[in-house]
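# Examination of the molecular architecture
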Amino acid sequence: MSVTDRFSLSGKKALVTGASKGIGTELCSVLAEAGADIVALARDQAGLAEVQKAVEARGRRCLVIPADLGQPEAPERAAREALAAWGTIDILVNNAGVSFPKLMVDQTIAEWDLIQAVNLRAPWLIARTLVPAMMAQKSGKIVNVSSQTSAVALTEHGAYAASKNGLNGLTKVMTAEWAPYNIQCNTVCPTVTMTPMGQQVWGDPAKLGPMVAKIPAGRVAQTVEVCDVILFLCSQASDMINGQDIFVDGGYTAV
Ligand code: NAP
């Protein structure tokens, strides 16, 4: 098999959560360009319609599933809808996330609960709905989008860090339970990336400057740099990588 074939997603079906903006939007195009058909999931239907156009412009199919992953029933319902439409889903990227940066003394219980629901509970519920079909075909890829905050403390990120540390732990147990079925589960942990969330959290130059000063690469990540690592983890080229947290952080957590 050629290098091109080992990195290709031709014939694969990928479900991407948080597809309506930021990293998820770019990812749908990257995975489609690599050959995958896409199930695009988020709340914002206008954003999803744009993603559908971009995927179809690359010659791939795109199924749009609007869903609010903060609701307890929504993740499993959306995953079942994808299975009903397309049979098996070969690749799941749990990318949807929310962050309400506040000091821990100020964070509300409602914000805490929503962060855990979207960032941590939904990935578990979607994965466990999709995984029986992956087990049956003895192959699958699950990439959970975590954060550099899963390895280092950032002030105002208490609830968010708890969710992302939880996601890394969940990914390890996914690996223990599902790797024997040839399903690879890993996280990708980006540094600051200038998406709508990146703008919301780091848009103030007084916050961004000191953060960038701590990144050895001297800059934030581009969305495509995060997506290309996810693409690798979705391809056959990464079949022996299981339960790892891959940091796309310009060296931030290394020094
Ligand atoms: P973003 O620009 O804010 O996009 C977040 C996506 O999640 C949107 O498509 C949004 O769609 C979806 N989402 C949020 N709440 C949802 C809900 N209740 N139900 C369904 N979908 C929901 O964020 P991003 O920067 O691309 O972040 C993508 C992932 O990377 C997240 O997991 C984030 O934690 C992680 N990350 C980001 C950064 C960064 O600096 N940007 C750094 C490290 C890690 P709708 O609003 O349409 O529902």
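None of these values were measured; they are calculated from a predicted model.

## Details of the packing of helix 2 (residues 22–33) against helix 9 (residues 223–234)
The contact between helix 2 and helix 9 brings their axes to 9 Å, and the two run at 50°. Between helix 2 and helix 9, the angle is such that the two are oblique. The handedness of the crossing between helix 2 and helix 9 comes out as right-handed. On helix 9, the residues that touch G22, I23, E26, L27, V30 and L31 of helix 2 are T223, V224, V226, C227, D228, I230, L231 and C234. By residue class, the composition of the contact of helix 2 with helix 9 is 10 nonpolar, two polar and two charged.

## So, the packing of helix 2 against helix 3 (residues 45–57)
At a minimum axis distance of 9 Å, the contact between helix 2 and helix 3 shows a crossing angle of 20°. What the angle tells us is that helix 2 and helix 3 run roughly parallel. For the pair helix 2 and helix 3, the crossing hand works out as right-handed. Listed contacts from helix 3 to T25, C28, S29 and A32 of helix 2 are V51, A54 and V55.

## Looking at the sheet that holds strand 5 (residues 140–145)
Pairing in this open sheet of seven strands is parallel, and the strands run 3-2-1-4-5-6-7 from one edge to the other. The open sheet terminates on both sides in strands that have one partner only, identified here as strand 3 (62–66) and strand 7 (245–248). Taken pair by pair, the neighbouring strands of this sheet meet at an average axis angle of 15°, ignoring direction. Relative to strand 3, strand 2 (residues 37–42) is paired through five bridges, and the arrangement is parallel. Residue pairing in the sheet places L41 in a bridge with I65 of strand 3. The strands touched by helix 4 (residues 74–86) are strand 1 (13–17), strand 2 and strand 3; relative to strand 3, the strand with the most contacts, the crossing angle is about 155°. Helix-sheet contacts for helix 5 (residues 109–137) involve strand 1, strand 4 (91–94), strand 5 and strand 6 (183–190), and the interaxial angle to strand 4 is about 175°.

## Here's the deal with the site of the ligand
In the vicinity of the ligand, 31 residues are found, and the nearest of them are S20, K21, R43, Y160 and T195. At 3.4 Å from an oxygen atom of the ligand is found a main-chain nitrogen or oxygen belonging to M197. Contact with the protein chains hides 95% of the accessible area of the ligand, taken as 880 Å² for the molecule alone. Those elements that place two or more of their residues in the shell around the ligand are helix 2, helix 6 (158–178) and helix 7 (196–202). In terms of residues, the shell around the ligand owes the most to one element, helix 7, which gives three residues. Split into classes, the residues belonging to the shell around the ligand amount to 14 nonpolar, 12 polar and five charged.

## Regarding the pattern of salt bridges
Inspection of the entire model under this criterion finds 10 salt bridges. Between D245 and K172 there is a salt bridge, with the nearest N and O atoms lying 3.0 Å from each other. Note that D245 is positioned in strand 7 and K172 in helix 6, a separation of 73 residues in sequence. Judged by its relative accessible area of 24%, D245 falls in the partly exposed class. Classification of K172 as partly exposed rests on a relative accessible area of 43%. Via salt bridges that share partners, D37, R60 and R61 belong to a single interconnected network.

The rules we used
- Residues numbered from 1 in each chain as written.
- Predicted model: local features only at pLDDT ≥ 70, side-chain atom pairs only at ≥ 80, totals over all residues.
- Heavy atoms only, no water.
- Axes fitted to C-alpha atoms, helices over the stretch in contact; angles between N-to-C directions.
- Helix = DSSP H or I, 4+ residues; strand = E, 2+ residues; numbered from the N terminus.
- Parallel < 35°, antiparallel > 145°, perpendicular 65-115°, else oblique.
- Left-handed = near helix turned anticlockwise from the far one by under 90°.
- Contact = heavy atoms within 4.5 Å.
- Nonpolar A, V, L, I, M, F, W, Y, C, P; charged D, E, K, R; others polar.
- Pairing = 2+ DSSP bridges.
- Near = heavy atom within 4 Å.
- Polar contact = N/O pair within 3.5 Å; in protein donor to acceptor, adjacent residues only side chain to side chain.
- Areas by Shrake-Rupley, 256 points an atom, 1.4 Å probe, with all protein chains shown as cover.
- Salt bridge = Lys/Arg side-chain N within 4 Å of Asp/Glu carboxyl O.
- Buried < 20%, exposed > 50% of the residue type's maximum accessible area, 1.4 Å probe, protein only.

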